[in-house]
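# Descriptive structure summary
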Amino acid sequence: MSRILVLVPNIATKDRRVLRQTKSLMNQGHEVEIVGIVTNDAPGTRAISDEGIPITRVQWRAESYVETAKIYARRLMVGVLILLGMIAGTILLTTLIVPRTLQNVIEILMPVWSQEIPKVGYQFIAIGLVGLFLIGLLLAIRTARKILSRFGRLGELSKMRRVAENYSALEEGYKPEPKNLRERILGLLGNPQQLSFRSSVKVRAKNMFARLEEFKPDIVYCHEVMTLPVGTAAKKKFGCKVIYDAHECYDDLAHAEPYILATYAELHAKHLRSVDLLIAVNQHILDYYIETYEMNAHFLVLPNTVFRDDGKPYDGRLHDKASLSSDNRILLYQGGFGKNRGLESIVESGYLLPENWFLVMMGWGNMKEELLALSDDFKAQLRTDMADKLLSERKKSPDYVKRIERAMEHITRNNEQASQDNIFDSVSVSVETQAETSGLAGKTREQTLRAYAAQKLIDEGLKNPSNDAINDVVASILRMEGQIEQAAGLKAIVGTTDTFEGGDIKMAREIVRREILREINMELEQMESRGELDKVRFIKPAPHDELVEWTKGADIGIVPYLNTGLNHWLCSPNKLFEYPNAGVPIIASRMKFLAEVIGRTNIGWTIPSDFTPSDVSLCVKRVTDEALATKSEACAEFMDTNDYKTYEPDLIEGVRKLLAGERFVLGPDGKPQVAGMTIASLGSPHNNSHTA
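Remember, predicted model here, so these are calculated numbers, not experimental data.

### Section: the sheet that holds strand 14 (residues 604–607)
Neighbouring strands of a sheet are bound in pairs by backbone hydrogen bonds; such pairs are parallel or else antiparallel. With parallel pairing, six strands are arranged side by side in an open sheet as 11-10-9-12-13-14. Looking at the sheet topology across the chains shown, the edges are occupied by strand 11 (536–539) and strand 14. Looking at each pair of strands side by side, their axes are set apart by 25° on average, direction ignored.

### Focus: the packing of aromatic side chains
This structure, assessed with the given rule, holds 12 aromatic pairs. For the ring pair F197 and Y259, a centre distance of 6.2 Å and an interplane angle of 65° mean the geometry is edge-to-face. Here F197, found in helix 7 (residues 192–215), pairs with Y259, found in helix 9 (residues 258–271); they are 62 residues apart in sequence, far enough to count as distant. The burial state of F197 is the same as that of Y259; both residues are buried. Consider the rings of F307 and Y644, whose centres lie 5.1 Å apart with planes at 70°: the pair is edge-to-face. Here Y644 lies in helix 25 (residues 644–660) and F307 lies in the loop between strand 8 (298–301) and helix 11 (317–321), a separation of 337 residues in the sequence. For F307, a relative accessible area of 41% gives the class partly exposed.

### A look at helix 22 (residues 592–601)
Of all 10 residues in helix 22, seven are buried, a share of seventy percent or more. Among the residues of helix 22, those classed as buried are F593, L594, A595, V597, I598, G599 and T601. Of the residues one or two after helix 22, N602 is the one with positive phi, at around 65°.

### Considering the side chain of K379
Counting through the fold element by element, K379 comes out in helix 13 (residues 368–395). Looking at K379, the relative accessible area reads 17%, which means it is buried. Every residue in contact with K379, bar those within four places of it in the chain, is listed here: Y351, E528, L533 and D534.

### Some remarks on the pairing of strand 8
Neither face of strand 8 is open: one carries H298 and L300, the other F299 and V301, and all of them are buried. Each parallel crossover has a hand, and the one from strand 7 (residues 277–280) via helix 10 (residues 283–292) to strand 8 is right-handed. Alignment of strand 8 against strand 15 (residues 675–676), held across two bridges, turns out to be parallel. Each bridged residue has a counterpart across the sheet, and for L300 the counterpart in strand 15 is A675.

### Here's the deal with the packing of helix 8 (residues 228–238) against helix 9
Running from N to C, helix 8 and helix 9 point in directions that differ by 20°, and their axes come no closer than 10 Å. Classified by the angle between their axes, helix 8 and helix 9 sit roughly parallel to one another. By crossing handedness, the relation of helix 8 to helix 9 is classed as left-handed. Between helix 8, through L228, P229 and T232, and helix 9, the contact on the second element is made entirely by L267, H268 and H271. Partitioned by chemical class, the residues of the contact of helix 8 with helix 9 number three nonpolar, three polar and no charged.

### Brief notes about the environment of L212
Here L212 is to be found in helix 7. For L212 and V230, which are 18 residues apart along the polypeptide, the C-alpha to C-alpha distance reads 8.5 Å. In contact with L212, not counting residues within four places along its chain, are L5, P217, V220, V230, A234 and F238.

### Notes on the sheet that holds strand 2 (residues 31–37)
With respect to topology, nine strands assemble into an open sheet ordered 3-4-2-1-5-6-7-8-15, the strand pairing being mixed. Of all strands in the sheet, those with a lone pairing partner are strand 3 (46–48) and strand 15, marking the two edges. In the sheet, strand 5 (residues 219–223) pairs with strand 6 (residues 241–246) via five bridges, with the strands oriented parallel. Counterpart to C222 in the pairing with strand 6 is Y244.

Calculation rules
Residues numbered from 1 in each chain as written. Predicted model: local features only at pLDDT ≥ 70, side-chain atom pairs only at ≥ 80, totals over all residues. Heavy atoms only, no water. Pairing = 2+ DSSP bridges. Helix = DSSP H or I, 4+ residues; strand = E, 2+ residues; numbered from the N terminus. Axes fitted to C-alpha atoms, helices over the stretch in contact; angles between N-to-C directions. Phe/Tyr/Trp six-rings, centres within 6.5 Å; stacked < 30°, edge-to-face > 60°. Buried < 20%, exposed > 50% of the residue type's maximum accessible area, 1.4 Å probe, protein only. Contact = heavy atoms within 4.5 Å. Right-handed = clockwise from strand over helix to strand, strands pointing away. Parallel < 35°, antiparallel > 145°, perpendicular 65-115°, else oblique. Left-handed = near helix turned anticlockwise from the far one by under 90°. Nonpolar A, V, L, I, M, F, W, Y, C, P; charged D, E, K, R; others polar.

Nothing here speaks to function; it is all geometry.
Okay, here's the thing in structure tokens:
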């Protein structure tokens, strides 16, 4: 059989698409090897995958740094030579050419003045004129660059709008961040990130080609755009057949810098014409490449599907890891925590879900801390909202009226007692009078009160009052004063200092409101201790060979892509097959391919492409048990005809035809017909039951 070298711009052992397809070719008797790259997580240059596939990883970082330094050195040398030439030219102009020309002109136009101007004067005038010319030239160049950059920006936006319209943020105008002196100097020599990136592409390709020369393949299988230069070089030198597997629409990735997108577009324009078989993950992405670039290739659609699940029942692991009971329902997100994936919105939506629903975020990425902080903020807001809701509900209950009545009775008793004994005025006056007549002025409050209490008992006929009797009177005074102060405080809150019926009702309501809030806070603290307010749970990603067993614990899986680029608009993520493989229906934002698949197969629901957190929660709230069961059955039917085994023969047959030199099937237009998964093969669209 043939020798096939598979190229990937990663460590290879975690790329399931690459491993599945390579194993399929190995099973056909082909001698295969995967060539990837060394990273911090995978520093070894040799490895063997779980499937038994040999892997070689090339070193690239040190050489890439050296290559970048060489580019800087070459550009710096050219810049220095240009600068020296400009200096020499300026000296020549200001000391010889311009002064002589200026002197001749003045002698002709103003012969009298020419005799009075010394030779050095002509040189100073020449320096001034040359300086003004250079300043004007620099200003003209700067203005021209601004104008051209605006036209370039408009052109970029126009290209983006071909499919995806959600670019309002870019239309606000380009505002570069201020740069320090070092960045400005380096900027004259080129964008450091761009130079480093281009150097890495060049060095990786060179070192992969070195391994290719040793392996001498019949077919070079290039996964992703950065490996394309190796395939082209191999075809020129050895006559190899070239397969290009485009996992995404690389020309417009949502998270990539403009210089990266420009590099990818250049690689496609230069190398796609050397490709013999172009493979894409869905028909729309394949159509984009066919319409955008010139090529003479055959075409195949191999979706990001998976092997069919063996049907083992769910063992509870997802609920256990998320600390949820088995009767709790789960909305699951699995994947990377990256920008432009709508993760901030779905975290917020988690706190809007129905009472028994929880959002589980199973993944990894540099946004995790940001998402955790967002979750804490939304949790605090949920607690506040729940407190307001519970307070409103309890104010409507019959018990609330009874509590108001009891509070009114308490206030009335206090008012009557205060009026009868005139505590607030007479006691205070009596205490002060007693202090003056007994020579206790300036003593402590306790001493004054005890003296007043003793005199009060004597006046009532008790000749020698005991300490206990005095203490009882003092305690009674303090207790009554405290009640009056409390009443006065409540009156101030409700906006009155008078004791009348309307003010008493307001005070009663305030007393009951405070009591209810204390009760609600205690209830919320108990709920929080049980985790009922933690509507969003974060857990680590599952091993890929166990992923389906974890996914089975979800009731619904979510694919929340934002419409921020052509790649998202046409995306075909692994989750489109991983969720249904576990029998889990999908909620997905209405991207073009996602909406078509869900609409034709009934495996879930779609929400607006510019969805809000409320769109997600509302979709979940509308889901019934019957709908879940129906969609889950549709998931099983979808995977019966769209698992990896369905499309594996297309890959095997495509490779066989390449090696045999056979013609592929031609369509009505005379061009090679697309094999594999097509939109039409998914069936007719269902009714609108898939829209939220």
